[in-house]
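Residue strings, one per chain:
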Amino acid sequence: MNTSAESQTPVSSPLIATDIVKRVSGPTGDMTILHGVSMQADAGEAVAIVGPSGSGKSTLLGILAGLDSPTEGVVTMQGQPLTDLDEDGRAKLRAQSVGFVFQSFQLLPGLSALENVMLPLELTQQDNVKERAMTVLDEVGLSHRASHHPLQLSGGEQQRVAVARAFVSKPTLLFADEPTGNLDSATGDRITELMFDMRKSVNAALVLVTHDDELAASCNRRLRMNDGRLSEL
Amino acid sequence: MTRGQQFGFALKALKRDLSAGELRVLALALIVAVASVTAVGFFTDRVGRAVERQAADVLAADLIASSGFPVKQEWLDEAQKRGVDTAMHTRFPSVVINDDDESQLVAVKAVSAGYPLRGALKLATLDNPTELANLATPAKGTAWIDPQLRDILQLSQGATLALGAKDFVVERIITFEPDAGENVMELSPRVMIHIDDLEGAELLTEGSRARYSLLMAGEEAAVDGMSEWMSDNFATDARIQSVRDSGPQLQRALGRAEKFLGLASVVTVLLAGAAIALAVRHFAYRQADASAVLRTLGASREDVIVWLVIRLALVATIASIIGVTIGWFAQLVLANFLSTWFSLELPAPGIKPPIVGTLTAFITLAGFGLLPVIKAGQVPVMRVLQRDYSGLQTGSIITAVLALAATFCVVWLLSGDLLLSAIVVLGVVAMLSVFALFGKYMIRAVRTLAGARFRLSVAGLERRASSSVVQLSAFAMGIMALLLIAIVRVDILSAWERDLPEDAPNVFVVNIQPEQVDGFGARLTDQGIQSNGFFPMVRARIAAFNGESIIKEVMSEREERRARREYNLTYANELPAANEIVDGQWWSAEEEGNFLSIEEEWANEYNYQVGDTITFKVAGVETTGTIKNLRKVDWESFQVNFFVVASPSMLNDFPQTFVSSFYLSDDFSKATSVWAREFPGIATLDIGAIVDRIKTLMDRASLAVEYVFFFTLLAGTCVLLAAVQSSQGERIRESALLRALGASHQQVRHAVVAEFAILGTIAGFLAAFFATIIAWGLSREVFELPFSVNPSLWLFGVVGGAVGISIAGYLATRKVLHTPPIVALRNTG
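Residues numbered from 1 in each chain as written. Chains lettered and ligands numbered in written order. Predicted model: local features only at pLDDT ≥ 70, side-chain atom pairs only at ≥ 80, totals over all residues. Heavy atoms only, no water.

**Focus: the overall build of chain B**
Within chain B one finds 22 helices and 21 strands. Here chain B holds 829 residues, and the buried ones make up 52% of them. (Helix = DSSP H or I, 4+ residues; strand = E, 2+ residues; numbered from the N terminus. Buried < 20%, exposed > 50% of the residue type's maximum accessible area, 1.4 Å probe, protein only.)

**Describing the pairing of strand S7 (residues 166-176) of chain B**
Residues in a regular strand point their side chains to alternate faces of the sheet. Residues and elements named next belong to chain B. With 3 bridges joining them, strand S4 (residues 122-124) and S7 adopt antiparallel strand pairing. Of the residues in S7, the one forming a bridge with Ala-124 is Ile-173. Relative to S7, strand S5 (residues 142-145) runs parallel, the two sharing 4 bridges. Across the sheet, Ile-145 pairs through a bridge with Ile-173, a residue of S7. (Pairing = 2+ DSSP bridges.)

**Quick look at the interface of chain B and chain A**
Across the boundary between the two partners, chain B contributes 27 residues, which contact 29 residues of chain A. Between chain B and chain A the total buried area reaches about 2700 Å² when both faces are included, carbon and sulfur atoms providing 60% of it. Considering only the surface of chain B that becomes buried against chain A, B:Arg16, B:Leu297 and B:Leu385 emerge as the three largest contributors, covering 26% of it. Taken together, the links from chain B to chain A amount to 2 salt bridges. In this structure, B:Arg295 engages A:Glu87 in a salt bridge whose closest nitrogen and oxygen atoms are separated by 2.5 Å. Linking chain B with chain A are 6 residue pairs in polar contact (both at pLDDT 80 or more). Looking at the side of chain B that touches chain A residue by residue, the class counts come to 14 nonpolar, 6 polar and 7 charged. (Contact = heavy atoms within 4.5 Å. Buried area = accessible area lost by both parts, 1.4 Å probe. Salt bridge = Lys/Arg side-chain N within 4 Å of Asp/Glu carboxyl O. Polar contact = N/O pair within 3.5 Å; in protein donor to acceptor, adjacent residues only side chain to side chain. Nonpolar A, V, L, I, M, F, W, Y, C, P; charged D, E, K, R; others polar.)

**Some words on the pairing of strand S6 (residues 160-163) of chain B**
Residues and elements named next belong to chain B. The two faces of S6 differ: Leu-161 and Leu-163 on one face are buried, but Thr-160 and Ala-162 on the other face are not. Inspection of the sheet shows strand S2 (residues 85-97) paired to S6 by 2 bridges, in the antiparallel sense. Directly across from Val-96, in S6, lies its bridge partner Leu-163. Where S6 meets S7, 4 bridges bridge the pair, whose relative direction is antiparallel.

**Describing the pattern of salt bridges**
Pairs may arise between side chains of opposite charge once their charged atoms sit close together. Under the counting rule described, the total for this entry stands at 18 salt bridges over all chains. Between A:Glu72 and A:Arg23 there is a salt bridge whose closest N-O contact spans 2.8 Å. On the criterion of sequence distance, the pair formed by A:Glu72 in strand S4 (residues 72-77) and A:Arg23 in strand S1 (residues 15-26) is long-range, its members being 49 residues apart. Of the charged contacts, one joins A:Glu87 and B:Arg301 as a salt bridge, the two residues approaching to 2.4 Å between their closest N and O atoms. Note that A:Glu87 is positioned in helix H2 (residues 87-97) and B:Arg301 in helix H7 (residues 301-342), a pairing that runs across two chains. Relative accessible area serves as the criterion here: at 16%, A:Glu87 is assigned to the buried category. Judged by its relative accessible area of 27%, B:Arg301 is partly exposed.

**Observations regarding the sheet that holds strand S9 (residues 221-226) of chain A**
Residues and elements named next belong to chain A. Taken in spatial order, the 6 strands of this open sheet run S6-S7-S8-S3-S9-S10, and their pairing is mixed. Two strands in the sheet have a free side with no partner beyond their single neighbour: strand S6 (98-101) and strand S10 (229-232). Each adjacent strand pair in this sheet contributes to an overall mean axis angle of 20 degrees, direction not counted. Sheet analysis places strand S3 (residues 46-50) next to strand S8 (residues 205-210), joined by 5 bridges and oriented parallel. Bridge pairing links Val-50 to Thr-210 in S8. In the packing of H2 onto the sheet, contacts are made with S6 and strand S7 (173-177), and the angle to S6 comes to roughly 85 degrees. Sheet contacts for helix H6 (residues 185-202): S3, S6, S7 and S8; angle to S8, the most-contacted strand, approximately 160 degrees. (Axes fitted to C-alpha atoms, helices over the stretch in contact; angles between N-to-C directions.)

**Details of the nonpolar core**
In globular proteins that are soluble, nonpolar side chains generally tend to be buried together. Of all hydrophobic cores here, the largest spans 125 residues; its most connected members are A:Met39, A:Leu60, A:Phe175, A:Val207, B:Leu26, B:Leu30 and B:Phe475. Broken down by element, the residue count for this core peaks at 17 residues, all from helix H6 (residues 248-296) of chain B. In terms of nonpolar packing, the next biggest core, distinct from the first, is built from 41 residues, B:Val84, B:Ile145, B:Val170 and B:Ala210 among them. (Core = buried A, V, L, I, M, F, W, Y, C linked by side-chain atoms within 4.5 Å.)

**Brief notes about helix H10 (residues 418-449) of chain B**
For H10(B), which comprises 32 residues, the first-to-last C-alpha distance of 46 Å matches the rise-based estimate of 46 Å (1.5 Å per residue) to within 8%. Inspection of H10(B) places B:Ser421, B:Val424, B:Val425, B:Val428, B:Met431, B:Phe435, B:Gly439 and B:Ile443 among the buried residues, and these make up the whole buried set. (Expected span 1.5 Å × (residues − 1).)

**Points about the environment of A:Thr172**
All names here are of chain A. With respect to the secondary-structure elements, Thr-172 resides in the loop between helix H5 (155-167) and S7. Judged by relative accessible area, Thr-172 falls into the partly exposed class, the value being 31%. Distance from Thr-172 to Gln-96, taken between C-alpha atoms, is 8.7 Å for residues 76 residues apart in sequence. When neighbours within four sequence positions are excluded, Thr-172 is seen to be in contact with Pro-14, Gln-78, Ser-97, Ala-204 and Ala-205. Here the side chain of Thr-172 touches Gln-78 through a polar contact of 2.3 Å, side chain to side chain.

**Some thoughts on the packing of aromatic side chains**
This model, assessed by the stated rule, comprises 20 aromatic pairs over all chains. Seen in terms of ring centroids, A:Phe100 and A:Phe175 are 5.7 Å apart; in terms of plane orientation they differ by 25 degrees. Their pairing is stacked. Linking A:Phe100 in strand S6 with A:Phe175 in strand S7, this pair joins segments that are 75 residues apart in sequence. Taken as a pair, A:Phe100 and A:Phe175 share a single burial class, namely buried. With centroids separated by 5.7 Å and ring planes inclined at 65 degrees, the aromatic side chains of B:Phe765 and B:Trp794 adopt a geometry described as edge-to-face. Note that B:Phe765 is positioned in helix H20 (residues 745-782) and B:Trp794 in helix H21 (residues 791-817), a separation of 29 residues in sequence. Residue class for B:Phe765 comes out partly exposed when judged on its relative accessible area of 37%. By relative accessible area, which is 27% here, B:Trp794 ends up partly exposed. A connected cluster of aromatic rings, assembled from ring pairs, spans B:Phe545, B:Tyr567, B:Trp602, B:Tyr606, B:Tyr608 and B:Phe643. Across the ring face of B:Phe595, the terminal group of B:Lys628 is positioned such that the distance to the ring centre comes to 4.8 Å. (Phe/Tyr/Trp six-rings, centres within 6.5 Å; stacked < 30°, edge-to-face > 60°. Lys NZ or Arg CZ within 6 Å of the ring centre and 35° of its normal.)

**Some words on helix H3 (residues 73-81) of chain B**
All names here are of chain B. Turning to H3, its buried residues number three or more, namely Trp-75, Glu-78 and Ala-79. An end-on view of H3 places all buried positions within 100 degrees of arc, on one side of the element. Opposite its buried face, H3 presents the exposed residues Gln-73, Gln-80 and Lys-81, each directed more than 90 degrees away. Two residues or fewer after H3 comes Gly-83, characterised by a positive phi angle close to 70 degrees. (Arc of directions from axis to C-beta.)

Now the structure itself:
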């Protein structure tokens, strides 16, 4: 047990992970990537996970977000153990309460900036999809680029669209995987600022994986991943 | 999500796909598939029916029932009930006498109003050869005659001929009788009169050798119904002939034309199917990452799959509508062109082609695309975080089985032939296996041989091993189709035309007495005419089969026909030219005994087999022979051919005449009237009209085939396009990377062009190999034509493949060479 999360679990914690183990089979036999990791993120709290490449950060992020299943252990999101849900159930939960920002932006190339932002609202069949998406796009300063496709946007602009997409459904949990990793430092700083401002406005918990110490320092808590083990800094 | 919401979402996504060009190649492949299947379908259907109608001219009807007894009233009633048009004719031999009391044996044909129901007679007056408009049928009291009869009896316009108890005024010369070929061996010149004139002419008495025929024509379904009804109820009373049973030459030509068109359409669909397969696979790959993102954002797996399937179905629907429209216009243009050129009236298009076209699109798309699309909806969501999570895996046994099942269904749908469909599927499997296996090793071999200059290109091919092999197979298929179109088609069509040479015999001379043979032969040589030889001919009836008399107390019409019919037998010690033994062996001159060689189809009709004996009665004397072999006869050669050939010992002592055939370029009637005077008794038969008719049919069929192959060409091009497109993403990324690493434009261009050139060369080689095998198979087994290896196939295959594919590949990837590497890397990363 490497973290402080083992004490009282507040009901308000939107994300709790307990004793997460991840093993994969490789050419030289089974390999353990995560060794009994536990952590939690409280509402409105920003948690940074730092660590060297290959230490298991992205694997943990995937498991926390329900994109992958742990070999052992339990992840509880919004009070709901993810292990009780099948993949579609986890997807539904993500649609309701999770936002993502990826290093490689992951915008759909066939859709315009506005359409990319509209996607999460369309998936949950909400009303006034276009207006709401436009409002958020305006908040990230890209309303004038609404009809542009990702390929016509700069890296910074693409990531701003991705941030708008992550927040349009007002998530309670935000996962970010190296959100500034593909950007220059000035652009990266602007994205960080934008992401933190927007997170505050919806009071979402943030789990951030990064190499960037400065970015990690803007979080409430920092955890270090080393060889599949997590420790608080 | 409800189905409605899913549909709405898919519709939105489709709009975006279309505007973003995501589905462009797939839509194009589908449109080409549907358009070609529809156009080919419309066209073959219409031309097929028109050609069939032309063949109907040979019968002067769609259906004929003939027997030795007057036409039954119930046949007429039934035809009327079914809305089938009818006409009648009665044929019998008789003698006419002119004003100078000269007589001549003639073949009388008494026709009713309405004759001919199909085709038209061509007429002229006796003193002016200018063709006249068709006058329907001879008026009562008048006769229309063959030009030969005019020459023999020296008749002029308005002359009188006595026939039976009546006199007839000769009004017209018949220059063309559509159904003359129906009974080629009716040797005497024709006299045509009105059927009502038979009454009181005292021509037909009990035991007359008259043939009474009911001609029927009308809507296809009605005629088919009538044919079935006749066959069910009167098969033993009458001989029922439809277009399909008309003369063996025309039937063969028609059959070949159908095979050509059918084959072209199957090849087109296979190619279009390959293009669809490549394009849908490409689409699935492109959608795999998008589906992972969508599922990260909360879409369920089912939602993603349903959206993809709905999008594909919508694309197929739109492509089908566009394809059917294009197909319809394409055939319309050709149909107009055909009908004006050949004055061929085409029947209206049917409803089947657009249905088959649309079904083809959906079946192909489902067979090739369903599994990749389902798998695209199932890629691990973790791919959004870690690229090393596996992407789309489409290669599996189930994918292959589904694709083959779709191929089978489509070929079956088009051909209606289960065996053919199975053969096509097995052929495709064999071919693709060879492409894959040889392709892989050939790429390796090229790598070993390649210098440093090409190593980069070959390494690229090897790195993308599976997609290279897929691409190679697609290129090979495309090139093979083009080779088949460009070279093999021409070879096969010209072999077909060669099969009926310009100087195919157009005149048959019969009834040459043994003592006239030398003289007549010399006369022909004087006139510069090359005869195909003189063959003895002995007229005989069948008396017994395996020692048992065929005359019974109660006999069916068929049995009676067999018993009454006179056959022309010949004898020879050598197998006649244009004949091939299919069962048993030919006899040698030294062998003792009476042997028979029987034509295969005739043997089948009466169930004669090698070892059976047949007793013939010649001039009242019986002679028996054992069947030693069965022969296949090339009727299209128009040489003198016989159903029965006997060993000389069996027939050479019997009374006989000789028959000969040759090509006559001069005026037929002029030449024949000279011979008639010099060699009394000989009869000449002009089959030029039949030969011309077959040639015309061949020309039309060739043109139709050329046109249909144009669609095959389009489909082949589509495959090449889809194949180039399928690896474009990877190639763009690699090119960008190379440029980022400092490679010049030229180096990258060289690498791309060399990679495509290597693929093109290997594909061209494999394509030439298979095109040769297919050409051999088609010539030998399907079209029964001689085959010869065409070296240009290899030259065009290999060189054309290398050059063509390099150009296509360069053009397809040209854009990326002019895009800054960072943009290319970002776009495809």
